[in-house]
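# Notes for the structure review
Each chain, letter by letter, is given below.
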Amino acid sequence: QVQLVESGGGLVQPGGSLRLSCAASGSIFSIYAMGWYRQAPGKQRELVAQISRGGSTNYADSVKGRFTISRDNAKNTVYLQMNSLRPEDTAVYYCNARIRPKRWLSERDYWGQGTQVTVSS
């Protein structure tokens, strides 16, 4: 069984920073792309940032230059450094990872439980 556990959310003032972490654990043969999505009240879930196993990244236009995604393959962990936070960044942030749990099984997407990020003065 695979689990993704997120940490690092909270309340921060506009212009502040937060760092989210997401660790994958359990039965894991291989991890492919990892990423962060967010969902604000009344809105659809959207991709924030994604990183390939080799380190290639892509970002939503709204966070380019402010957020940085990284990963530690040895720790099965992905990070999201969020700087210059704005009120419109307020949302529940979800970790996502494409994982093959066993060599003989197909890869599939797994999701974390979500962590709240609130940007407010």
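In what follows, the accompanying structure is described. (Residues numbered from 1 in each chain as written. Predicted model: local features only at pLDDT ≥ 70, side-chain atom pairs only at ≥ 80, totals over all residues. Heavy atoms only, no water.)

A word on the pairing of strand β4 (residues 30-39). Where burial is concerned, most of β4 is hidden: 7 out of the 10 residues are buried. The pairing of β4 with strand β5 (residues 46-51) spans 5 bridges and is antiparallel. Bridge assignment links Gly35 to a residue of β5, and that residue is Gln50. Remark: 6 residues form the turn of the hairpin made by β4 and β5, two consecutive strands paired antiparallel; Gly42 in that turn has positive phi of roughly 80°. (Buried < 20%, exposed > 50% of the residue type's maximum accessible area, 1.4 Å probe, protein only. Helix = DSSP H or I, 4+ residues; strand = E, 2+ residues; numbered from the N terminus. Pairing = 2+ DSSP bridges.)

Let's shift gears to the layout of surface pockets. By volume, the largest pocket is sized at about 170 Å³. Residue lining of the largest pocket: 13 residues in total, with Arg38, Ala40, Lys43, Glu46 and Glu88 positioned closest to the centre. The residue inventory of the lining of the largest pocket, partitioned by class, reads 2 nonpolar, 4 polar and 7 charged. (1 Å grid on protein atoms, 1.4 Å probe; cavity = no way out; pocket = protein on both sides within 12 Å on 5 of 7 lines; lining within 4 Å. Points joined across faces, edges and corners; volume = space filled by probe spheres on them. Nonpolar A, V, L, I, M, F, W, Y, C, P; charged D, E, K, R; others polar.)

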